[in-house]
Amino acid sequence: MTLIFKSDSDHWQDWQQSLKDAMPDLDCRNWDDTGDDDAVEYALVWKPPLGELRRRFRNLKVIFSLGAGVDHLLVDPDLPSGVPIVRMVEPELTRGMTEYVVLHVLRYHRLVPALEDQQKHHVWNVLPTPTAPKRRVGIMGLGVIGQDSFRVLSALGFALSGWSRTAKSIPDVTCYHGRDGLSAFLAETEILVCLLPYTAETDNILNRDVFSGLPQGAYLINAGRGGLQDEDDILVALESGQLAGATLDVFREEPLPVEHAFWDHPKVTITPHNAGTAQHWSAAKEVIANIRRIQKGQAPLHIADSAAGY
Ligand code: NDP
Ligand code: OXD
């Protein structure tokens with residue numbers, strides 16, 4: 001019973017150890033190791049080369065995504081047919097994303113960019129600082145990560161609303177859904193947090209129409225995927241003041257090209273797609289729990305819906 005592993009980080013040995021700790025008889029191989037490809041039943045991967053899963057591993061039972069998003073897998077037109085794709089749902093990845101969301105919401109809520117600018121110019125000026133109940137935060141994407149972010153933002157007292165594909169009911173959150181619910185959601189959102197997956201329906205969703213539906217001077221935080229955002233429209237909205245600031249963890253092209261206008265823009269904060277990362281010591285336990293379910297003839301948890309794209 002072999003698991004093949006592929007990541008773009010250099011944590012292979014940590015992952016191997018954590019997987020072995022959780023299941024000592026599992027044979028774990030790194031993507032480039034030579035071995036019997038027919039023995040491979042499980043793949044735990046991030047951005048495998050197109051067509052390779054199908055070409056190399058004829059006895060695959062499950063493909064585990066190393067990330068919560070599965071767009072990096074569904075982009076492959078030549079995936080093995082009938083093999084389920086399992087999303088990465090693990091508490092430390094979720095915790096990291098919630099930390100990111102709360103950090104950047106608080107930063108905008110407490111006007112930190114303006115205060116830093118004042119300090120740079122030696123200006124002592126008391127800015128108005130309403131507390132959280134008077135700040136309206138809206139999250140696009142009410143899945144595992146969106147709902148965990150709400151848990152903490154709600155404890156801080158923010159006025160919360162959310163938008164998803166299907167109807168939701170979440171305590172202390174005004175929920176909207178579908179294209180019909182989008183404009184009402186945007187109209188009451190001062191800090192917009194995007195935690196959507198990248199799918200055919202969400203491609204370029206963060207565009208001028210969405211920005212113009214927000215109150216003037218709103219903030220954008222996108223930790224979903226770069227393909228969700230129209231980067232020219234973000235620049236125009238920042239220029240006009242429709243957006244007061246943007247914090248972006250994800251980009252259409254990653255790494256962000258060195259000449260991109262975002263790098264030196266005074267109203268843009270860039271992080272290098274590290275809002276949340278699966279932690280081997282925690283995530284390996286979730287992967288192995290799912291393998292044990294499969295061994296018992298049960299379906300794994302968190303299977304992605306390939307038709308919906310997430
Ligand atoms: P989930 O699948 O749990 O949740 C996805 C949410 O998006 C659901 O609420 C879903 O609606 C909603 N959604 C999907 N399509 C649409 C649509 N067309 N219109 C409106 N809402 C839609 O995902 P997670 O919360 O686990 O992860 C979300 C995304 O975060 C990932 O796909 C990934 O892209 C990104 N991510 C980024 C990381 C980073 O480091 N920057 C790290 C981890 C994740 P419904 O509830 O109705 O199904
Ligand atoms: C993810 C990511 O999807 O790392 O988990 O972006």
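Please refer to the structure higher up on the page.
Bear in mind that the values here come from a model prediction, so they are computed numbers and not experimental data. (Residues numbered from 1 in each chain as written. Chains lettered and ligands numbered in written order. Predicted model: local features only at pLDDT ≥ 70, side-chain atom pairs only at ≥ 80, totals over all residues. Heavy atoms only, no water.)

### With respect to the site of ligand 1
Link 1 in the chain: Lining the immediate surroundings of ligand 1 are 29 residues, of which L142, T166, K168, D249 and Y310 lie closest.
Link 2 in the chain: At a separation of 2.5 Å, an oxygen atom of ligand 1 approaches a polar side-chain atom of T166.
Link 3 in the chain: Listing elements by their share of the shell around ligand 1, those giving two or more residues are α4 (91–109), α6 (144–156) and β7 (159–164).
Link 4 in the chain: A domain-level breakdown of the shell around ligand 1 finds at least three residues from each of domain 1 (2–90 + 278–295) and domain 2 (91–270). (Near = heavy atom within 4 Å. Polar contact = N/O pair within 3.5 Å; in protein donor to acceptor, adjacent residues only side chain to side chain. Helix = DSSP H or I, 4+ residues; strand = E, 2+ residues; numbered from the N terminus. Domains from an automatic or database assignment.)

### Concerning helix α1 (residues 12–22)
Link 1 in the chain: Here α1 has its buried residues at W12, W15, S18 and L19. Within α1, the buried residues cover an arc of 135 degrees as seen down the axis, which keeps them to one side. Exposed and facing more than 90 degrees away from the buried side of α1 are Q13 and D21.
Link 2 in the chain: Along its buried surface, α1 packs onto β1 (2–6), β2 (27–30), β3 (40–45) and α10 (280–295). (Buried < 20%, exposed > 50% of the residue type's maximum accessible area, 1.4 Å probe, protein only. Arc of directions from axis to C-beta. Contact = heavy atoms within 4.5 Å.)

### A look at the pattern of salt bridges
Link 1 in the chain: Per the counting criterion, the structure on display carries 13 salt bridges.
Link 2 in the chain: Two residues, D37 and R56, come together in a salt bridge whose shortest N-O distance is 3.1 Å. In this pair, D37 sits in the loop between β2 and β3 while R56 sits in helix α2 (residues 52–56), placing the two residues 19 residues apart along the sequence.
Link 3 in the chain: A salt bridge links R225 to D71; its shortest N-O distance comes to 3.0 Å. With a gap of 154 residues between them, R225 in the loop between β10 (218–222) and α9 (231–240) and D71 in helix α3 (residues 71–74) connect regions that are remote in the sequence. Of the two residues examined, R225 and D71, each falls in the buried class.
Link 4 in the chain: Beyond isolated ion pairs, a larger network of salt bridges with shared partners links R29, D37 and R56. (Salt bridge = Lys/Arg side-chain N within 4 Å of Asp/Glu carboxyl O.)

### Overview of the side chain of D71
Link 1 in the chain: Overall, D71 belongs to the buried group, its relative accessible area being 19%.
Link 2 in the chain: Apart from residues no more than four positions distant in its own chain, D71 is found in contact with Y198 and R225.

### Here we look at the pairing of β2
Link 1 in the chain: One ladder, built from 4 bridges, connects β1 with β2; its direction is parallel. Pairing of F5 across the sheet is with N30, part of β2.
Link 2 in the chain: As a crossover connection, the stretch from β1 through α1 into β2 is right-handed. (Pairing = 2+ DSSP bridges. Right-handed = clockwise from strand over helix to strand, strands pointing away.)

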